[in-house]
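Below, each chain spelled out in residue letters.
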Amino acid sequence: MTGLAWKEWPLVGFTLLSQTAVGAFWMVAVASLYMEGASGWNSRYLTFPFLAAVVIVLGLAAAISLFHLGRPWRAVLALNNLKRSWLSREILFELVFMALAASLALLVLKKTYRPTLVRILVALAFSASLLFIISMVKLYMMRTVPAWRGLYTPLSFFGTALLLGSLGAAFSYDTLLDLGRKAPPFLDAAAIVALAAVVLILLTIFLFTPGLGLFGPKKATLLELPAAKIYPYLLFRLLFLSGTVLFSFLYYRNPSAPLLTIAFLSALAAEAAGRLLFYAVYSRLGV
Amino acid sequence: MQQAGGSQSSWVRQYAFYFDSSACSGCKACQAACKDKHDLPVNILWRRVYEVAGGNWTKSGNVWVPGVFSYYISMACHQCAKPICGDGCPTKAIYKRQDGIVLLDTEACIGCRLCEWACPYGALQFDEASRLMTKCHFCFDYIDMGKPPVCVAACPMRALDFGELADLRKKYGATNQVFPLPEAALTEPALVIKPHRDATRATKDTAEVANWEEI
Amino acid sequence: MINDTGPIKKKLDAAKMKRRSFLGWSTFLGGSALASTKLGKKFKPAAGTPPGPVFQESAAEVKMVRTGCPSHNCGGRCLLKVYVWEGRIVRIEGDDRPNDSVEDPQLRPCIRGLSYRRRQYHPDRLQYPMKRAGKRGEGKFVRISWDEALDKIAAEMQRIKQAYGNTAMYVPYGTGSYNQINGRQTAQRLMNLFGGSLGFYNSYSWAAISYATPYVYGTNVTGNQRQDWLNSKYILMWSWNPSEMRDGTNSEYILKKAKEKGAKLVCIDPRMTLSAVALADEWVPIRPGTDTAMMSAMAYVMITEKLYDAGFVKTHCLGFDETQMPPGAEGAESYKDYILGTRDGVAKTPEWAEAICGVPRATIIRLAREYATTKPAILYQGYGMQRRAYGEQAVRGGCVLAAITGNVGIPGGWAGGMALQAPDGGPAWIVFPTGQNPVKAQIPSFLWSEAVLRGKDMGPADGVVGAEKLGTNIKMIYAVACNALINQHSNINRTVKILQDEKLVEFLVVQDNFLTATGRFADILLPACTQFETWGLADGWKYGDEVILMPKIVEPPFETKSDYQICAEIAKRLGLYDAYTEGRSERDWIAWGIETYRKTRFPNIPRLDEFERSNIGVYSVPVTKPAVAFTEFRRDPEKNPLPTPSGKIEIFSKRLHDMNKPDVIPAVPKYIREWESPFGPEAKKYPLQVIGHHYLATVHSTLDNVDWLREAWPQRVFINPLDAEPRGINNGDEVKVFNDRGATLVRCRVTKRIMPGVIAIPQGAWWSPDEKGVDRRGSVNVLTSERWTPLAFGNAQHTIMAQVEKA
Ligand SMILES: Nc1nc2c(c(=O)[nH]1)N[C@H]1C(S)=C(S)[C@@H](COP(=O)(O)OP(=O)(O)OC[C@H]3O[C@@H](n4cnc5c(=O)[nH]c(N)nc54)[C@H](O)[C@@H]3O)O[C@H]1N2
Ligand SMILES: Nc1nc2c(c(=O)[nH]1)N[C@H]1C(S)=C(S)[C@@H](COP(=O)(O)OP(=O)(O)OC[C@H]3O[C@@H](n4cnc5c(=O)[nH]c(N)nc54)[C@H](O)[C@@H]3O)O[C@H]1N2
Ligand code: SF4
Ligand code: SF4
Ligand code: SF4
Ligand code: SF4
Ligand code: SF4
Ligand SMILES: [Mo]
């Protein structure tokens, strides 16, 4: 099962996109609640285009994930085992989150909302999205796959959500909606979260690097991915993470859309490499 | 009928395989019998045979002296008491029959391949043609007719047997784990093995599966 | 096309294929599937897990027929349960007769029999007669009618007969079918009625062993019935790999039983074989071609430590020491002389042997002691070590060890050598009558290419018997069930040139199921049906106490015909139809064959009608009191002498002595360095010894195109890490294996299970040359040599050296 994980591209796409959407939503939800306006929450952040984008990205992620299935048109059956299967739950929470984000978007669009309702919806959506990511984490933390069983999986999934989420939110507000620079505190927050995420990710890289790592595939499996196959991914990832930091810093010094775009794309590339590696190190106990 | 991972008491019997590794020649008649009965395409082996090889050659004077050992493990789905494969299945396609046989309902499977990731015995195999998961089902159709699974009936060395787990344990002992099989506690396989004499020499550091390309 | 795109596809196709009429879909216990699904699932009661169709054996539309696995030269004869539906074989299972026991064991098939549908329904099967279109060997053919094909063959037979005489025609060694109705014997009968053709003796299998054994024992019936193995305490499996080559269905199983009874088993083989893993307590790797050295050293230990059975040697043997030399050879070197080095100054000590065999001297000493003192004991000789340069020596060497340890003629012992089973020599293989061959001249089967090149002048010096001179070269070859003109013969690149020359062999007919390497050289290529498509009858392979009935199960597809029918139709064109058929149909011949068995080995065998009706498939005789060869001789050698000139076990053979070629045909078994060996100058260029062992993937070249078999047993060159590493070769790499005769590109398996200095390329892979003539499939016979063994004129195909490099 080891080897380059290109064949898992639908899962790479699904996890990256949905984590980005969730992470961005977290940024915005927190921002809108903390930086309250007169309405009790800040409509500058919780905008219709942003929420619509979240829903669309989630939808796209879900659509891509269908390519992973042998029988996509039976996908609905995947909700059959909520009692036991984290995959069923993942899908459920994704759907719930999407629904909540969509209703928020509608409310925002119609401007007929009551603040409490929005707050409740935001809180619910926040929880659903958190459960969504947790389900995703749990789904991979199988007892028989030591490489995924440890801290590595939550760290990388949450790391991705925070990094791509924060940069994605900033990117969409600045570049797409032209709102960002009017709200420096939001960007500051995004920068801090992104930086924290980079640190988190570096930690997972460290944890995972063969020879150094505590959870390296060497530990417990027969099918080992040779280090020679892992290092190129890691190098690539480190390179693009540095790019992210560099361009974020340049942007911070001198805000301009291209710089932020590059920073975001660079983060995306780094995370894509990380995710490919994530699937590539799959290796189970036994045979 | 029990969901995979349900408590053991809820199925009334547990069918199991016996495998005598000390007598297995690795001839793969079992594998072929299964392929023929189920028309399995190349790359799908519900029963497959692992070649374990280990040890070393050392020079003594002018001659190379072999400290080499080898044995075979013929494996199917072990109809586990804790079928980890079914735990994650989002569609409940994998379930345990009342006689302990773990079945996979192809009408329910969506081909998400989660079970394939999970099973530590490599028993679940994806069929590219039908885009569905497949696995050994203990020849439940033959069991229902009172006939043995074809792999068991095929073995020229008479190294395979089947029956109720409790009976097999009484007859052959309780070993269910030798290199390179995973810790039995993971899934509690319904399997009794008579190890090859050299199995005691085999560990992760001294031996390896030598025929990956064949399985 | 083969209908098995997968279990699910099959299910979806089911309605289309009208299977429901007889195939009940799996039904689950207790509404299981229903309970397991709630959301969005359209549950159909007919739906199941992947099993696909479930047969009701009783269903009228499915016919289950017990039959023999097609009788190729596979090492076994097994019983199959074949399920037929709508004229097609849809499933194959093994023998399921109740009361499986050592006395009368089930004849369980191997992977090849169980994968047979993939050959039976292979898309490449020959469908209609063809004639050559391009140059000979180019492999271009055009379709012709049966009439054109058969007319042409009849005309050519007459032309060649007139121009060169019957001796110029040849039906070569070819072992594709032993079911009576298919196979080369059908063509031999035709030829014999037509005035005969050049005959052959010996096989590619057993040339040295079947030729040399009688020099020791006067007979090839030197084996006990196999159930007697259970009486043994110690079994030396010398070059013997029954788990892979079977050597009679159930040999490996009976050995397992012997082991369970407490016998110790040792495998002496350069490869750690399947048998070594499953059966042996110990694996002793030995450098190929040096077995006689090890045997001699074991004798040295037995002689110097007085462990041999001096009494038995005295009363039953000839030529052990100077007291026992036959008249006329009183002063010749005895066996003891040779072992102690009295004459040549070289004592055959374990130290001496260690340097040759690569077996540690301590191991040799220990095995000698164990074999000499554990009574009774078996030294079983496989055929690999005799398909070698001086194969005769290893054969006789083993026999001598058996004799001097006194293991001859006792239960649990073993005389060694050819070991056809007592008391009657075992299975007959062919009962279909080929008649008398009016041409008395015979060549050794391996020397056919010599007879093509220089038959005219060949005489006894080239192994010709029955004539002082052949007087003609071979001009026509009718190859039925034979891939041994190219693929299975030695030095493919040489035979390719010989057959390409249309002036040498003027007319070549090949009759097969597939377009084989040999078939590529055919002038006329005829499509034979498979053995499932005609009647047949088989008994064991070497061993066995049963007869298997092989009813015609499905119709011959396309324009294929049985070999018998093809030959009968040629006979018709030669005016020999009635003589050929004697008015019998294929089924009649099988009834006739059963009667033949009744008159010989099996007086109680049921008649065909009853046999067929019972659908038991096999008539077997339980062996409760296994026969032991040489029992009478052992009891009283004077009253029951052996059919040797002396009536004794001839450790020293006066007949061989009189041949006066002591260097290559010594009168006592001696180690002789092979003509290609790691000790010769050739080893500089080609340092690796190559074995082309018999592999479970194929029956020789038969079944090489079966995907399930290649999945299980991919064609590889097996090489020790100690040889791979210095060459920069990793497991799985494609490598080039080559010597002066040819080259092949094949992927490697780096394995510790082969001795350093030795590589193995399983024989049988289809010769597949690229534009440069380099084989691409791992066909070992591009490397082998046409040189024959000195005494038996046998193939020495395991004696080759080669080099390996990364491709
Ligand atoms: N699977 C399978 N089985 C077969 C056949 C087949 O094609 N495939 N063919 C059948 C036929 S026709 C025949 S004749 C028999 C042949 O049966 P064998 O001739 O016995 O088979 P081989 O594999 O040639 O050799 C047997 C063993 O001898 C070892 N060997 C080779 N050279 C030497 C040597 O110099 N010394 C020692 N000690 N060992 C050596 C090889 O490694 C091998 O394991 O098999 C029969 N069975
Ligand atoms: N290097 C090397 N070469 C060897 C050996 C070795 O050990 N090493 N072993 C040798 C030995 S022991 C043997 S016996 C020979 C075997 O050599 P062959 O006798 O040539 O055996 P096969 O390669 O099986 O070829 C048999 C052919 O018969 C065809 N056939 C099968 N069934 C039928 C049928 O019913 N009718 C017709 N008309 N054709 C049929 C098959 O398709 C196949 O092409 O090989 C020898 N060659
Ligand atoms: S058929 Fe029997 S001896 Fe052969 S590989 Fe399978 S279990 Fe082992
Ligand atoms: S062997 Fe694997 S597929 Fe079979 S029950 Fe156990 S976990 Fe499931
Ligand atoms: S592939 Fe099928 S059986 Fe396996 S987990 Fe997914 S839905 Fe269940
Ligand atoms: S029990 Fe049946 S399905 Fe399972 S491996 Fe054996 S033959 Fe195949
Ligand atoms: S040993 Fe021969 S007869 Fe028996 S199943 Fe194998 S190929 Fe067929
Ligand atoms: Mo043979």
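Note that the structure is a prediction, hence the values are computed from the model and not measured.

K.L.:
An account of the packing of helix H1 (residues 9-34) of chain A against helix H9 (residues 257-280) of chain A is requested, with residue identities and associated values reported.
P.N.:
Residues and elements named next belong to chain A. Taken N-terminus to C-terminus, the directions of H1 and H9 make an angle of 135 degrees; their axes are 10 Å apart at the nearest point. The pairing of H1 with H9 is recorded here as oblique in orientation. Judged by the twist between their axes, the crossing of H1 over H9 is right-handed. Residues Leu 11, Val 12, Thr 15, Leu 16, Gln 19 and Thr 20 of H1 touch H9, and the partners they reach there are Phe 264, Glu 271, Ala 272, Arg 275, Leu 276 and Tyr 279. Among the residues making up the contact of H1 with H9, the classes are represented as seven nonpolar, three polar and two charged.

K.L.:
Run through the site of ligand 1, naming residues and quoting values.
P.N.:
What surrounds ligand 1 is a group of 35 residues, the closest being Asp269(C), Gly289(C), Asp291(C), Arg387(C) and His798(C). A distance of 2.9 Å separates a nitrogen atom of ligand 1 from a polar backbone atom of Thr698(C).

K.L.:
Break down the site of ligand 3 for me, with residues and values.
P.N.:
Every one of the 14 residues lining ligand 3 counts as a neighbour, but Cys24(B), Cys27(B), Lys28(B), Cys30(B) and Cys155(B) are closest to it. For the shell around ligand 3, the residue count by class is ten nonpolar, three polar and one charged.

K.L.:
Summarise the pairing of strand E26 (residues 742-750) of chain C; cite the residues concerned and give the values.
P.N.:
All names here are of chain C. In terms of residue burial, E26 counts as a mostly covered element, since seven of its nine residues are buried. Direction of pairing for strand E24 (residues 717-719) relative to E26: parallel, over a ladder of three bridges. Following the sheet pairing, Val 717 is matched in E26 by Cys 748. One ladder, built from six bridges, connects strand E25 (residues 734-739) with E26; its direction is antiparallel. Looking across to E26, one finds that Lys 736 is bridged to Leu 745.

K.L.:
Give me the interface of chain C and chain B: which residues, what numbers.
P.N.:
Tallying the contact residues gives 81 residues for chain C and 79 residues for chain B. In total, about 6200 Å² of surface goes out of reach between chain C and chain B, with carbon and sulfur atoms giving 55% of it. Our enumeration of links across chain C and chain B arrives at ten salt bridges. A salt bridge links Arg753(C) to Glu51(B); the shortest N-O distance between them is 3.1 Å. Residue classes in the side of chain C that touches chain B are distributed as 37 nonpolar, 17 polar and 27 charged.

K.L.:
So, the sheet that holds E26(C): which residues are in play, and what are the values?
P.N.:
As summarised here, the arrangement of the six strands in space is E23-E27-E24-E26-E25-E28 (chain C), forming a closed barrel in which the pairing is mixed. Pairs of neighbouring strands in the sheet enclose a mean axial angle of 45 degrees, with direction left out of account.

K.L.:
Mind laying out the environment of Ala53(A), listing which residues take part and the relevant values?
P.N.:
The residue Ala53(A) is located in helix H2 (residues 48-66) in this model. In this structure, the C-alpha to C-alpha distance between Ala53(A) and Ile201(A), residues 148 residues apart in sequence, is 25 Å.

K.L.:
Describe in detail the sheet that holds strand E19 (residues 536-539) of chain C, supporting the description with residues and values.
P.N.:
Residue and element names in this part refer to chain C. Strand order in the open sheet made by the three strands is E19-E20-E21, with antiparallel pairing throughout. Where the open sheet ends on each side, the last strands, each with one partner, are E19 and strand E21 (618-620). This sheet shows a mean twist of 15 degrees between the axes of neighbouring strands, independent of strand direction. Here E19 runs beside strand E20 (residues 546-550); their pairing, made up of four bridges, is antiparallel. Looking at E20, one finds that Gly 536 is bridged to Met 550.

K.L.:
Tell me what's going on with the packing of aromatic side chains, and back it up with residues and numbers.
P.N.:
Given two aromatic rings, one states the distance between the centres and the angle between the planes to describe the pair. Enumeration over the complete set of coordinates arrives at 64 aromatic pairs over all chains. A ring pair is formed by Tyr140(A) and Phe157(A), whose centres lie 5.5 Å apart and whose planes are at 85 degrees; its orientation type is edge-to-face. In this pair, Tyr140(A) is assigned in helix H4 (residues 115-140) and Phe157(A) in helix H6 (residues 152-176), connecting sequence segments 17 residues apart. An identical accessibility class is assigned to Tyr140(A) and Phe157(A); each is buried. Through pairs of rings, three or more aromatic residues link up here, namely Tyr140(A), Trp148(A), Tyr152(A), Phe157(A), Phe278(A), Tyr279(A), Tyr282(A) and Trp117(B). The ring of Phe194(C) has Lys161(C) sitting right over it, with the charged end atom 4.3 Å from the ring centre. In this structure, Lys736(C) is placed above the aromatic ring of Phe738(C), and the distance from its NZ or CZ to the ring centre is 5.5 Å.

K.L.:
Describe the confidence of the model for chain B, with residues and values.
P.N.:
Residues and elements named next belong to chain B. For chain B, mean pLDDT is 93; residues scoring 70 or higher make up 95% of the total. Contacts from residues 1-8, a stretch scored under 50 in pLDDT, to residues over four places away or in other chains number 28 contacts. Here the complex is predicted with pTM 0.93, and the ipTM for its interfaces comes to 0.93.

K.L.:
Kindly report on the pattern of salt bridges, identifying the contributing residues and their values.
P.N.:
For the structure shown, the criterion picks out 83 salt bridges over all chains. In this structure, the salt-bridge partner of Asp704(C) is Arg710(C), at a minimum N-O distance of 2.1 Å. Its relative accessible area of 3% is what places Asp704(C) among the buried residues. The class of Arg710(C) is buried, set by a relative accessible area of 15%. Residues joined in a network through salt bridges with shared partners are Lys28(B), Glu51(B), Glu213(B), Glu214(B), Arg716(C), Arg747(C), Arg749(C) and Arg753(C).

K.L.:
Please give an account of unusual backbone geometry that cites residues and values.
P.N.:
Residue and element names in this part refer to chain C. The amide bond that connects Lys 375 to the next residue, Pro 376, takes the cis arrangement and shows omega of -10 degrees. Within the fold, Pro 376 resides in the loop between helix H15 (361-373) and strand E14 (377-381). The omega torsion of the bond from Ala 422 to Pro 423 falls at 0 degrees, within 30 degrees of zero and hence cis. Look at Glu 86: it is not a glycine, yet its phi comes out positive at around 50 degrees. Here Glu 86 shows up in the loop between strand E4 (79-85) and strand E5 (88-94). By relative accessible area, which is 54% here, Glu 86 ends up exposed. In this model, Trp 429 sits at a positive phi of 65 degrees, which is unusual for a non-glycine residue. Its relative accessible area of 14% is what places Trp 429 among the buried residues.

K.L.:
Describe the side chain of Arg77(C), naming the residues involved and giving the relevant values.
P.N.:
Residues and elements named next belong to chain C. When you line up the elements, Arg 77 lands in the loop between strand E3 (62-68) and E4. Salt bridges are absent for the buried Arg 77, whose nearest opposite-charge side chain, Asp 539, sits at 5.6 Å. A polar contact is formed between the side chain of Arg 77 and the backbone oxygen of His 72, at a distance of 2.7 Å.

K.L.:
Outline the nonpolar core, listing residues and values.
P.N.:
Counting 143 residues, the largest nonpolar core has Ile89(C), Trp229(C) and Phe532(C) as its most contacted members. The greatest single-element share of this core, amounting to six residues, is contributed by strand E4 (residues 63-75) of chain B. Those residues in contact with Ile89(C), other than ones at most four positions away along the chain, are Val82(C), Tyr83(C), Val84(C), Arg117(C), Gln120(C), Tyr121(C), Phe532(C), Ile553(C) and Val554(C). Formed by 91 residues, the second largest nonpolar core is a distinct cluster that contains Leu104(A), Leu107(A), Val108(A) and Leu241(A).

Reading the values: the criteria
- All chains use their own residue numbering, which begins from 1 and follows the written sequence.
- Both sets of labels track the order of writing: A upward for chains, 1 upward for ligands.
- The model is predicted, so local features are restricted to residues of pLDDT at least 70 and side-chain atom pairs to those at 80 or more, both for listing and for counting; the totals for chains, interfaces and linings are taken over all residues.
- To obtain the side-chain values, all non-hydrogen atoms of the structure were used and water was disregarded.
- Lines are fitted to the C-alpha atoms to define the axes, a helix being fitted only along its stretch in contact, and any angle between axes, read from their N-to-C directions, falls within 0 to 180 degrees.
- Secondary structure elements are defined from DSSP: runs of H or I of at least 4 residues count as helices, runs of E of at least 2 residues count as strands, and each element is numbered from the N terminus.
- Geometric relationships in this document are graded by angle, where less than 35 degrees denotes roughly parallel, more than 145 denotes roughly antiparallel, 65 to 115 denotes roughly perpendicular, and other angles denote oblique.
- Crossing handedness: left-handed means the near helix sits turned counterclockwise from the far one by under a right angle, and right-handed means the same turn made clockwise.
- When checking whether two residues touch, look at their non-hydrogen atoms; a contact exists if any pair is within 4.5 Å.
- Classes in brief: Ala, Val, Leu, Ile, Met, Phe, Trp, Tyr, Cys and Pro nonpolar; Asp, Glu, Lys and Arg charged; the others, Gly included, polar.
- If a single non-hydrogen atom of a residue is within 4 Å of a molecule or strand, that residue counts as near it.
- Nitrogen and oxygen atoms within 3.5 Å of one another constitute a polar contact, given that in protein one can donate a hydrogen and the other can accept it, and given that sequence-neighbouring residues count only through two side-chain atoms.
- Whether a residue is buried, partly exposed or exposed follows from its accessible area with a 1.4 Å probe, protein chains only, as a fraction of its type maximum: under 20%, in between, or over 50%, in that order.
- Strands pair, by our definition, only if DSSP identifies at least two bridges between them.
- What gets called buried area is simply the loss in accessible area from a 1.4 Å probe that two parts show on being joined, summed for both.
- A pair is scored as a salt bridge if a Lys or Arg side-chain nitrogen falls within 4 Å of a carboxyl oxygen belonging to Asp or Glu.
- Here a Phe, Tyr or Trp ring, Trp counted by its six-membered ring, pairs with any other such ring whose centre lies within 6.5 Å, and the pair is stacked when the planes are under 30 degrees apart, edge-to-face when over 60, and tilted otherwise.
- In this scheme, the term charge over a ring applies when either NZ of a lysine or CZ of an arginine sits within 6 Å of the ring centre and within 35 degrees of the ring normal.
- The predictor attaches a confidence to each residue, called pLDDT, with possible values from 0 through 100.
- Charged-residue counts in this description rest on Lys and Arg as positive and Asp and Glu as negative, His and the chain ends being excluded.
- By convention a nonpolar core is built from buried Ala, Val, Leu, Ile, Met, Phe, Trp, Tyr and Cys residues, the set being connected through side-chain atoms within 4.5 Å.

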